[in-house]
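Close look at the chain arrangement
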Amino acid sequence: QVQLVESGGGLVQPGGSLRLSCAASRGSISFYAMGWYRQAPGKQRELVAVITNGGRRDYLDSVKGRFTISRDNAKNTVYLQMNSLEPEDTAVYYCNAGIGPTTTMTPFLSWGQGTQVTVSS
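Residues numbered from 1 in each chain as written. Predicted model: local features only at pLDDT ≥ 70, side-chain atom pairs only at ≥ 80, totals over all residues. Heavy atoms only, no water.

1. Thoughts on the pattern of salt bridges
Tallied over the full model, the rule gives five salt bridges. Asp89 is paired through a salt bridge with Arg38; the nearest N and O atoms lie 3.0 Å apart. Within this pair, whereas Asp89 is found in the loop between β8 (77-82) and β9 (91-99), its partner Arg38 is found in strand β4 (residues 33-39), the two being separated by 51 residues in sequence. Side by side, Asp89 and Arg38 carry an identical accessibility label, which is buried. (Salt bridge = Lys/Arg side-chain N within 4 Å of Asp/Glu carboxyl O. Helix = DSSP H or I, 4+ residues; strand = E, 2+ residues; numbered from the N terminus. Buried < 20%, exposed > 50% of the residue type's maximum accessible area, 1.4 Å probe, protein only.)

2. Section: the sheet that holds β8
Strand order across the open sheet formed by four strands is β1-β3-β8-β7, with antiparallel pairing between neighbours. Strand pairing shows two members of the sheet lacking a second neighbour, β1 (3-7) and β7 (67-72), which therefore form its edges. If you compare each strand with its neighbour and ignore which way they point, the axes differ by 15 degrees on average. As judged from the six bridges shared by β7 and β8, these two strands associate in the antiparallel manner. Within β8, the position partnered with Ser70 by the bridge is Tyr79. (Pairing = 2+ DSSP bridges. Axes fitted to C-alpha atoms, helices over the stretch in contact; angles between N-to-C directions.)

3. Side note on the state of the cysteines
Tallied over the full model, the rule gives one disulfide. Linked covalently through their sulfurs, Cys22 and Cys95 form a disulfide whose S-S length is 1.9 Å. One quick way to see it: the torsion about the S-S bond of Cys22 and Cys95 is about 60 degrees, and its sign makes the bridge right-handed. Taken together, the positions of Cys22 in strand β3 (residues 18-25) and Cys95 in strand β9 put the pair 73 residues apart, joining distant regions of the chain. For Cys95, a relative accessible area of 1% puts it in the buried group. (Disulfide = S-S within 2.5 Å.)

4. Observations concerning the pairing of strand β5 (residues 46-51)
Consecutive side chains along a regular strand alternate between the two faces of the sheet. Of all six residues making up β5, five are buried, and the element is well covered by its neighbours. Of the strand pairs in this sheet, β4 and β5 are connected by five bridges, and their pairing is antiparallel. Looking across to β5, one finds that Gly35 is bridged to Val50. Relative to strand β6 (residues 57-59), β5 runs antiparallel, the two sharing three bridges. In the sheet register, Ala49 faces β6, and the bridge partner there is Tyr59. The hairpin turn running from β5 into β6, its antiparallel successor, is five residues long, and Gly55 in that turn takes a positive phi close to 95 degrees.

5. Comments concerning the nonpolar core
Counting 29 residues, the largest nonpolar core has Trp36, Leu80, Met82 and Tyr93 as the members making the most contacts within it. When contributions to this core are tallied by element, the ones reaching two or more residues are β3, β4, β5, β7, β8, β9 and β11 (115-119). Core analysis: the second largest hydrophobic core is formed by five residues, Ala33, Tyr37, Leu47 and Met105 among them. (Core = buried A, V, L, I, M, F, W, Y, C linked by side-chain atoms within 4.5 Å.)

6. Re the environment of Ala49
With respect to the helices and strands, the residue Ala49 is situated in strand β5. With relative accessibility at 1%, the residue Ala49 sits in the buried group. Residues Ala49 and Gly35 lie 14 residues apart in sequence; the distance between their C-alpha atoms is 5.5 Å. Sequence-distant contacts of Ala49, defined by excluding residues within four places in its chain, comprise Met34, Gly35, Trp36, Asp58, Tyr59, Ile69 and Leu80. (Contact = heavy atoms within 4.5 Å.)

This is how it looks when you write it as structure tokens:
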């Protein structure tokens, strides 16, 4: 099965930027819609951004205009550029392939370890 490895997280001040990467191995993700999810302490995992195999993008309302999802099929990698970060963005971020509507995409691959994003002054 396809394996996913997230990276690029870290500690950043409010207003700062980070770029997350999701590298896939043991199979191609080029045919899949891919999503970035996040889970904050004590909260359910939520879908943050989606990019379909055709390049259509969709975002959680709270990140619209600040986050940009992209993909490089040649590198089998999906990215999440996060700008103007807020403390509320603090969470572990995961990527996954999904099915269904882009606003409620259901993940179907095994989860990676995620990457921690902490926004704090």
